[in-house]
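Residue-level structure breakdown
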Amino acid sequence: MDIPALLKSIESTGIATRIRESSYIFPFIESTHVFGLAMVFGTIAIIDLRLLGIASTQRSFKHMASDLLKWTWAAFALTAVTGALMFSTNADVYYHNFYFRTKMLMLVLAGINMLAFELTAGRTIHRWDKSSSAPLAGRATAFLSLIIWTSIIFLGREIGFTTSRAAVLAPPPADLNFDNLFDSIPTGNDSPGATPNKK
Amino acid sequence: MNQFADWLSTTYPSVFIQNHNGWAIPIIQSIHIVGIGVVLSSVFMIDLRILELGGMDQTLRQTTNRFGPWLTGALCVLLATGILMVIGEPVRELITISFWLKMSLIVIGTAIAGVFRITLRKHEQRWEEKLVKSKSIKWLAVFTFLIWVGIIVLGRLIAYDKVWGSWSPATK
């Protein structure tokens, strides 16, 4: 199946249509997404800071991981479901959006980074479980994890700024000159609502 | 408030943020979300300990000593980035019911956290031995977490204040 047709069929599903037609459902889904990602980021950061030897240094890593990671995964599932629902409402636009694509790439990198931890420091936890920080490989993946997840937050926020209907259908500047339309359209300006230089 | 918002939007810092809208607002909002993650997970960790669902290798005091300062620090970051957002987009923020409901819940959430830390410091033994096991404290922990979740939802709803219908000043 070709991609454009697939995106169109996602957009035309009953659930996507239902969300688009309501003015309440999308904000509710987006709020749930923010709640989920706050939990994902916060709990991952607690683990990363433990690995780096910055906080919770007295605690057993194993104990912390078994306390926390189930909540991380539950919250991640929530963000995946709400994210997929938001995607479905405007699949074609999100699919072609630079920030969306980069965010998906960063999520893959986060997965690879997690795998890298499991294959290195994750194999020797019994040796450093009670030490104040993980071995170098563990600290490196923890540091990368913080960078990757922070960038995922930023990229996600940029998606909202570059795909919303407000951004696509920005209202014309108040002093738009209809007699000389092309002169009054802002050119090469990075701020969408900026007033034109020329009138 | 309308007049104040209009005036604020003409001041130099506000104009600066408006003119650098392409990166300023997304970056400030991203830092704000990172702060939200720290606040929510810190409250969550203390609540888990009270509910005896996690951190049982630590005393309540150890748990609040670990997460309390991060909670306070992140709240300061949220206040600073929040003020910048209000300066950058005064009308969008101040002329909404979501914003003011959010501020009210923040006052309640912060007050609960403050009172909790003070009483824990004063009556440490009583908290560790009795209070932490009491039903009402456990319910308070759940309630507190829900307040912070509500704060997050209201924060997002500032952008969609019209969901409040005629209650929202943005629709007038």
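Each remark here, short or long, concerns the structure printed above.
These lines cover the structure that appears in this document, whether it is placed above or below. A quick note: this is a predicted structure, and the numbers were derived from the prediction, not measured.

A tally of helices and strands in chain B yields eight helices and zero strands. Along chain B, helices and strands appear, N-terminal first, in the series α-α-α-α-α-α-α-α. By principal-axis analysis of the C-alpha atoms, chain B measures approximately 55 × 30 × 25 Å. Every one of the 172 residues in chain B was classed for burial, and the buried ones make up 48%. Considering only contacts within chain B whose residues lie at least 6 apart along the sequence, 76% involve residues at least 24 apart. Roughly 8700 Å² of accessible area belongs to chain B as shown, and the carbon and sulfur atoms make up 70% of that amount.

By the element assignment, Gly54 of chain B lies in the loop between helix H3 (24-50) and helix H4 (60-88). For Gly54 of chain B, a relative accessible area of 4% puts it in the buried group. Taking the C-alpha atoms as reference points, Gly54 of chain B and Phe44 of chain B, ten residues apart in sequence, are found 9.9 Å from one another. Apart from residues lying up to four places away in sequence, Gly54 of chain B is in contact with Asp67 of chain A together with Leu48 and Arg49 of chain B.

Looking now at the packing of helix H2 (residues 12-19) of chain B against H4 of chain B. Residues and elements named next belong to chain B. Following both chains from N to C, one finds H2 and H4 inclined at 85°, their axes separated by 8 Å at the closest point. The angle between H2 and H4 places the two elements in the roughly perpendicular class. In this structure, H2 uses Pro13, Ser14, Ile17 and Gln18 to contact H4, whose residues at the interface are Leu84, Ile87 and Gly88. In terms of residue class, the contact of H2 with H4 is made up of four nonpolar, three polar and no charged.

Here the structure, examined in full by the defined rule, presents 16 aromatic pairs over all chains. On the basis of an interplanar angle of 50° and a centroid distance of 5.1 Å, the ring pair of Phe61 of chain A and Trp128 of chain A is categorised as tilted. Of this pair, Phe61 of chain A sits in helix H4 (residues 61-89) while Trp128 of chain A sits in helix H7 (residues 125-128); the two residues are 67 residues apart in sequence, bridging distant segments of the chain. The pair Phe61 of chain A / Trp128 of chain A is uniform in exposure class, with both members buried. By the ring-pair criterion, three or more aromatic residues cluster together here, those being Phe35 and Trp71 of chain A together with Phe44 and Phe145 of chain B. Cation over ring: Arg101 of chain A sits above Tyr95 of chain A, and NZ or CZ is 4.7 Å from the ring centre.

As a further point, take the packing of helix H3 (residues 25-52) of chain A against helix H8 (residues 135-157) of chain B. Orientation of H3 of chain A relative to H8 of chain B, taken along the N-to-C sense of each, is 130°, at an axis distance of 9 Å. What the angle tells us is that H3 of chain A and H8 of chain B run oblique. In this structure, H3 of chain A crosses over H8 of chain B, and the sense of that crossing is right-handed. Across the interface between the two elements, Pro27, Glu30, Ser31, Val34, Phe35, Ala38 and Met39 of chain A of H3 of chain A pack against Phe145, Val149, Ile152, Val153, Arg156 and Leu157 of chain B of H8 of chain B.

Pairs may arise between side chains of opposite charge once their charged atoms sit close together. One pass over the structure, following the stated rule, counts nine salt bridges over all chains. When the shortest N-O distance is used, the salt bridge between Arg61 of chain B and Glu124 of chain B registers 2.8 Å. Of this pair, Arg61 of chain B sits in helix H4 while Glu124 of chain B is found in helix H7 (residues 124-129), placing the two residues 63 residues apart along the sequence. Of the residues examined, Glu124 of chain B reaches a relative accessible area of 31% and is grouped as partly exposed. Of the charged contacts, one joins Arg92 of chain B and Glu89 of chain B as a salt bridge, the two residues approaching to 3.5 Å between their closest N and O atoms. By relative accessible area, Glu89 of chain B is classed as buried at 18%. If you follow the salt bridges from partner to partner, you end up with Glu30 and Arg157 of chain A together with Arg156 of chain B in one network.

Our next topic: a nonpolar patch on the surface. Residues and elements named next belong to chain B. Residues Tyr12, Phe16, Trp23, Ile27, Ile31 and Val77 make up a contiguous nonpolar surface patch of roughly 590 Å² in combined accessible area. When contributions to the nonpolar patch are tallied by element, the ones reaching two or more residues are H2 and H3. Mapped onto the fold, Ile27 is located in helix H3.

Residue and element names in this part refer to chain B. The terminal C-alpha atoms of H3, which comprises 27 residues, lie 39 Å apart, in line with the 39 Å expected from a rise of 1.5 Å per residue. Along H3, 24 of the 27 residues are buried, which leaves the element largely enclosed by surrounding structure. After H3 finishes, the residue Glu52 shows a positive phi value of roughly 60°.

Calculation notes
Residues numbered from 1 in each chain as written. Chains lettered and ligands numbered in written order. Predicted model: local features only at pLDDT ≥ 70, side-chain atom pairs only at ≥ 80, totals over all residues. Heavy atoms only, no water. Helix = DSSP H or I, 4+ residues; strand = E, 2+ residues; numbered from the N terminus. Buried < 20%, exposed > 50% of the residue type's maximum accessible area, 1.4 Å probe, protein only. Contact = heavy atoms within 4.5 Å. Areas by Shrake-Rupley, 256 points an atom, 1.4 Å probe, with all protein chains shown as cover. Axes fitted to C-alpha atoms, helices over the stretch in contact; angles between N-to-C directions. Parallel < 35°, antiparallel > 145°, perpendicular 65-115°, else oblique. Nonpolar A, V, L, I, M, F, W, Y, C, P; charged D, E, K, R; others polar. Phe/Tyr/Trp six-rings, centres within 6.5 Å; stacked < 30°, edge-to-face > 60°. Lys NZ or Arg CZ within 6 Å of the ring centre and 35° of its normal. Left-handed = near helix turned anticlockwise from the far one by under 90°. Salt bridge = Lys/Arg side-chain N within 4 Å of Asp/Glu carboxyl O. Patch = residues over 30% accessible without salt bridge, like charges linked within 9 Å, V, L, I, M, F, W, Y side chains within 5 Å. Expected span 1.5 Å × (residues − 1).

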